[in-house]
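# Architecture and fold: a report
Next come the chains, spelled out residue by residue.
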Amino acid sequence: TAKQYSLLASKIFDAHVYTEKLFAVDTCVQAITRLPAKDVRPFINYLAEANKDRTADLLLSLLHRLPAGVLAEAIAFILASGMEKQCASVIGDMLASRAAGVAVVYWVARNLEKAKAMGICRPYELAVQIVAVMEARMSGDDLKAQNMLRTLVEEKGALDVLLPDMSTTERRDVLIRINQG
């Protein structure tokens, strides 16, 4: 747990100095993306013990740089911190500008009801992003997220859920994009 990490750290070195370094954007990204999945939440909790608001702000600024598993934990923490509107705005802006990475698109597609409730984006915008991401060439963590997204679309019908909420023109456009891909 975070307290165990904290106790261990204080015995070995001045934990405050090193914890402060973890709030640097690049350092945090390197650290959190290299952790085993089971250690991501304790890491976030450790940072939150130092400064909860700063941790939420930092994670919010990193959403576009995190792989799918880490992203899910980061968003869960941000939402639990009461920053739902800010989170919805950041993700919505990424989707609207077509700058959302595959991990973000996957998270939204996997959490459609929550995304709808948060007002993240219109179904058409998400469907277009899903199709674009599925057609892109990817590697590493992005490829893993792309494969999870593909499974979500093909086996769980993620796009089928979006189609009824679109206009006839939007549905036609999405279906053309799918058929061309």
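What counts and how
Residues numbered from 1 in each chain as written. Predicted model: local features only at pLDDT ≥ 70, side-chain atom pairs only at ≥ 80, totals over all residues. Heavy atoms only, no water. Axes fitted to C-alpha atoms, helices over the stretch in contact; angles between N-to-C directions. Helix = DSSP H or I, 4+ residues; strand = E, 2+ residues; numbered from the N terminus. Parallel < 35°, antiparallel > 145°, perpendicular 65-115°, else oblique. Contact = heavy atoms within 4.5 Å. Nonpolar A, V, L, I, M, F, W, Y, C, P; charged D, E, K, R; others polar. Core = buried A, V, L, I, M, F, W, Y, C linked by side-chain atoms within 4.5 Å. Buried < 20%, exposed > 50% of the residue type's maximum accessible area, 1.4 Å probe, protein only.

## Examining the packing of helix α3 (residues 25-34) against helix α5 (residues 52-62)
Running from N to C, α3 and α5 cross one another at 80 degrees; their axes reach a closest spacing of 11 Å. Classed by the angle they form, the pair α3 and α5 counts as roughly perpendicular. Of the residues in α5, those touching α3 at Val25, Cys28, Val29 and Ile32 are Leu58, Leu59 and Leu62. Of the residues belonging to the contact of α3 with α5, the class tally is seven nonpolar, no polar and no charged.

## Points about unusual backbone geometry
At Arg98, a residue that is not glycine, the phi angle is positive and equals roughly 60 degrees. Considering the arrangement of structural elements, one finds Arg98 in the loop between α7 (84-96) and α8 (102-110).

## A closer look at the nonpolar core
If you look at the biggest cluster of nonpolar residues, it comprises 63 residues, and the most contacted ones within it are Leu63, Cys87, Ile91, Ile120, Ile130 and Leu149. The contacts of Cys87, once residues within four sequence positions are left out, are Leu60, Leu63, Ile75, Ile78, Leu79 and Met118.

## A look at the environment of Ala136
Tracing the backbone shows Ala136 in the loop between α10 (123-135) and α11 (140-156). On the basis of relative accessibility, which here comes to 31%, the residue Ala136 falls in the partly exposed class. Between the alpha carbons of Ala136 and Leu159 there is a distance of 17 Å; along the sequence they are 23 residues apart.

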